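Now for the letters of each chain:
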Amino acid sequence: MADKPKKPGFTGWKFTLIYLVVFLAVMSGVNMFLAGKNTSSIDFSEFKNKIKSGEIKRVELTESTFTGYISEKKAESAQKIPFPPINLLKSESAPEAVYRTVAINDPELLKLMDEKNISYYAVSRQSGAILGVILNMVLPIALIVIIGRILMKRAGLGGGMLSVGQNKAVIIAEGDVATRFSDVAGVDEAKEELVEVVDFLKSPQKYTAIGGKIPRGVLLVGPPGTGKTLLARAVAGEASVSFFRMSGADFVEMFVGVGAARVRDLFKQARDKAPCIIFIDELDAIGKSRINNIAGGNDEREQTLNQLLVEMDGFDNTRGLIILAATNRPDVLDPALLRPGRFDRQVLVDRPDLSGREAILTIHSKLVKLSPRVDLAAVARSTSGFSGADLANIVNEAALLAVRGGRVLVDQKDFFEAIEKTVAGLQKKSRVMSDEVRRVIAVHETGHALAAAFTPNSDPVQKISIIPRGFGALGYTLQMPVEDRYIVTEEELLGKIDVLLAGRAAEEIVFGQISTGAANDLTKVTDIARKMITDYGMSGRYKNTALTQRGGGMSGESMPDPFMHREYSEAAQQYIDEEVARIAASRYEYVKTLLGGKRRLLNKVTALLMEKETLDEKEFKEVVQSDGV
Ligand code: ADP
Ligand code: MG
Ligand code: ZN
């Protein structure tokens, strides 16, 4: 980030301020001292008397005052243009006793002075007076204003404020992005989704003519280093449009309002350049849920987020402007960001599986001279859990090792040495797992998948994977609903519970012991079972009864209501808890029996999953059917 406003230099401006105060105090002190020393204001009559008595020997006349001096000599400096301020002038010409009175148009006075032979003269103070006003009042004010300005500027406020939003240094559109989809591998599903975005950017009118709905925001979700930034760039490259890239952290500034101004500015520039892509990397930096920080929210971030929401709602996306964003913390995002019309399309960018890793290795080895002995498939096999960035790093590291070893071609052993170096680091971050752990995960996921396959009306298995996803789950089994279900039967709810419990059941069947890997599944099981009892009236004792909880109406979106209270007895609560446990226990026994009868298939799928790391719908179906069930 380039021109972040500087922190005000506290010692600097404090010093200036003190200096100013001292200066003014001294000035007025000197004025009072000098002016007040010998000059005494007296009544006109007394003034007259002093002339009569001959004490006053010389009189200076101005429009407003008569000044009497006791010496005859006229001070030279009296005619000088006064500086410093006018008060000093009088005192300068008055080292002696001076009497001053208010000017009165009294012809007798002149006569008297003529009689007494007193020299009198008029001094036009007109110019002096104006100058005096200027010097006495305007100058200090001007000084204060100037110093004030300097201080404000240092603090980055005031005049500087207007230009803050125009952040020239950060937002630069990249034209001619060279990245293409062919530079990205191992994330085929994400690529497929983005092809449509590219097509839209290339010819928006094709879509608008038909009245089709165009995506506004696409959120790339995935662990670090999986190629989210690379993909966003590839979209811009494929569509040959400009690419505005900003990181979420760039928006979060110390001054409230700066981030919001930057968002406004970004969108303004992008609108002028459309068709183009705005890419907000690390969206979570600004998009964190506002709900989670009730105590001491970050005003600045909230304002920035609000501005982003306003801009996303406001822009006319028929002109080919698309917002891409990336995050590896989708769980912390504010739900408002994910609403329709904003980032309603989410694309999962996962760590690559075996074939994906080989493809990524191939891409990155293009620029490296490989010995013919190098087997990238073997390298891919021993890099389970590595991200695209890790693999790019392996290739680079292997090349460096070859150079260090004085070889002109990169050898297989360079690759393995590079892998070994990296694995240690990744194991600490629990991204690379030992074979035993992978086996437990494979058995667990196979359990889910098989239970789904043999539960009537269950959603078909779309994908099984033992590649850690980075959001808690170590592996996952993806089920896709065939249709949107508006009504779910009791049997289907129990089926869901069966599938969820099947992971742990499979572990128990194969290893004779259970692990913590099922924690997430158990939360869901408990949730479904509880709802069956409280909301759907599907329990024995409270059949067709809703055991409701009512809130104080204070809850926001996804925020638990602190004033929630249940409208049923303590006894009912106890029954609910026991009944949930009973359902879970009986379904667990059921699913364990189910899987126990498919032991051979369980082993077969597990082995295949260990080998390939991911199985898609077709591959999974094939094994199940080949088993002749
Ligand atoms: P992310 O934004 O998801 O953290 P990046 O896109 O910044 O990851 O990836 C960093 C680098 O790692 C890329 O520039 C590229 O060299 C390499 N890389 C990551 N994922 C892939 C992939 N799927 N295919 C090819 N290279 C990749
Ligand atoms: Mg990135
Ligand atoms: Zn599970």
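Counting from 1, residues in each chain are numbered in the order their sequence is written. Each chain gets a letter, beginning with A, and each ligand a number, beginning with 1, in the order they are written. Under the rules for a predicted model, residues below a pLDDT of 70 receive no local features and side-chain atom pairs below 80 are neither given nor counted, while totals for whole chains, interfaces and linings still include all residues. Hydrogens and waters are ignored; side-chain quantities use all the structure's heavy atoms.

## Concerning the sheet that holds strand β13 (residues 476-479)
Within a sheet, neighbouring strands are paired by backbone hydrogen bonds and run either parallel or antiparallel to one another. The rule for pairing is simple: two strands pair if DSSP sees at least two bridges between them. By the criteria applied, helices consist of DSSP H or I runs no shorter than four residues and strands consist of E runs no shorter than two, each listed in order from the N terminus. Spatially, the three strands line up as an open sheet ordered β13-β12-β16, and their pairing is antiparallel. Both outer strands of the open sheet, β13 and β16 (614-616), are each paired with one neighbouring strand and no more. Across the sheet, the axes of successive neighbouring strands diverge by a mean angle of 10°, strand direction being ignored. In terms of strand pairing, strand β12 (residues 461-465) meets β13 through four bridges, oriented antiparallel. Following the sheet pairing, Lys 463 is matched in β13 by Leu 478. Between N-to-C directions, angles span 0 to 180 degrees; the directions come from axes that are lines fitted to C-alpha atoms, helices contributing only their stretch in contact.

## Details of the pairing of β12
Most of β12 sits out of view: four of its five residues are buried. As defined by bridge partners, β12 adjoins β16 across three bridges and the pair is classed as antiparallel. Paired with Lys 463 across the strands is Asp 616, a residue of β16. In this scheme, a residue with accessible area under 20% of its type's maximum is buried, one over 50% is exposed, and one in between is partly exposed, where area comes from a 1.4 Å probe on protein chains only.

## Section: unusual backbone geometry
Located in the positive-phi region is Glu 282, a residue other than glycine, with phi close to 50°. Mapped onto the fold, Glu 282 is located in the loop between β9 (276-281) and α12 (284-287). Judged by its relative accessible area of 41%, Glu 282 is partly exposed. We note that Asn 457 has phi near 65°; this positive angle belongs to a residue other than glycine. Along the polypeptide, Asn 457 turns up in the loop between α18 (435-453) and β12.

## Description of the coordination of the zinc ion (ligand 3)
Those protein atoms acting as donors to the zinc ion (ligand 3) are His 444 (NE2), His 448 (NE2) and Asp 521 (OD), and they sit at 2.0 to 2.1 Å. A 2.8 Å cut-off from the metal defines N, O and S donors, relaxed to 3.2 Å for Na, K and Ca; water is not in the atom list, so some sites may appear incomplete. All donors of the zinc ion (ligand 3) belong to a single chain; written as a sequence motif, their spacing is H-x3-H-x72-D. Of this pair, His 448 sits in helix α18 while Asp 521 sits in helix α20 (residues 519-534), and the two are 73 residues apart along the sequence. For the pair His 448 and Asp 521, one class covers both residues: buried.

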